[in-house]
Amino acid sequence: MQKQPRSTRELRVAAGLLIAQGVLMEGLVFIGLLVFLVLGVTQDAITRNAHIFALPYLQDNLYLMMTMSGVFGALRVVGGIALWRDRLWGLALSLVNCAVTLVLMIFLLPAGIADGLLSGAALVLMLHGWLGTRSVSKANFQSDLHSSAR
């Protein structure tokens, strides 16, 4: 069995983190929303008894947040699968997902801490797997862009 290059391993680990985060943290929240809707549980009943977000606006719009969680989860899983399959568009989608998550995590406390840790780790792995140990001062960005487009 041939040993995978380090960059491939890093990208695969990042893809695994993204898929796990998308399914477990965001996908399950969306499934929970569907269960609540089927059972007829009102949003008010949940927000009165569970304080999930530090910001009142997010807490007051919990069902909308749970819906958006499904969108983020689906995008994260699609990006992770594409990255696992070594698709450049999967890398781009996953980089955007991680960057957006890191920006928004401050508003999603306390759950944003776990999101930030997973997205931050995946982001570092993707960037290192893609760019490696190349020197910034010796990088030829023009040829890098052309070789990535092929």
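Above: the structure in question.
Residues numbered from 1 in each chain as written. Predicted model: local features only at pLDDT ≥ 70, side-chain atom pairs only at ≥ 80, totals over all residues. Heavy atoms only, no water.

It is worth spelling out the side chain of Arg 76 at this point. Locating Arg 76 in the fold gives a position in helix α4 (residues 62-84). Residues contacting Arg 76, with those up to four places away along its chain left out, are Leu 18, Gln 21, Gly 22, Glu 26, Asn 97, Cys 98, Thr 101 and Ser 119. (Helix = DSSP H or I, 4+ residues; strand = E, 2+ residues; numbered from the N terminus. Contact = heavy atoms within 4.5 Å.)

So, about the side chain of Glu 10. With respect to the element layout, Glu 10 can be found in helix α1 (residues 6-39). The class of Glu 10 is buried, set by a relative accessible area of 9%. Engagement of the side chain of Glu 10 in a polar contact is seen with the side chain of His 128, the distance being 2.8 Å. (Buried < 20%, exposed > 50% of the residue type's maximum accessible area, 1.4 Å probe, protein only. Polar contact = N/O pair within 3.5 Å; in protein donor to acceptor, adjacent residues only side chain to side chain.)

Below, the discussion takes up a nonpolar patch on the surface. Taken together, the side chains of Leu 55, Val 96, Val 100, Val 103, Leu 104, Ile 106 and Phe 107 define a hydrophobic patch exposed on the protein surface, amounting to about 590 Å² of accessible area. By secondary structure assignment, the location of Val 103 is in helix α5 (residues 88-104). (Patch = residues over 30% accessible without salt bridge, like charges linked within 9 Å, V, L, I, M, F, W, Y side chains within 5 Å. Areas by Shrake-Rupley, 256 points an atom, 1.4 Å probe, with all protein chains shown as cover. Salt bridge = Lys/Arg side-chain N within 4 Å of Asp/Glu carboxyl O.)

Let us look at unusual backbone geometry. Following Leu 109, the chain continues into Pro 110 via a peptide bond in cis, with omega recorded as 5 degrees. Inspection of the secondary structure assignment puts Pro 110 in the loop between α5 and α6 (111-131). Even without a glycine there, the phi angle at Asp 86 is positive, about 65 degrees. For Asp 86, the location among the structural elements is in the loop between α4 and α5.

Looking now at the packing of α4 against α5. Orientation of α4 relative to α5, taken along the N-to-C sense of each, is 140 degrees, at an axis distance of 7 Å. By the angle between their directions, the pair α4 and α5 is classed as oblique. For the pair α4 and α5, the sense of crossing is left-handed. Across the interface between the two elements, Phe 72, Leu 75, Arg 76, Val 78, Gly 79, Gly 80, Ala 82 and Leu 83 from α4 touch Trp 89, Gly 90, Leu 91, Leu 93, Ser 94, Asn 97, Cys 98, Val 100, Thr 101 and Leu 104 from α5. (Axes fitted to C-alpha atoms, helices over the stretch in contact; angles between N-to-C directions. Parallel < 35°, antiparallel > 145°, perpendicular 65-115°, else oblique. Left-handed = near helix turned anticlockwise from the far one by under 90°.)

These figures capture arrangement, not role.
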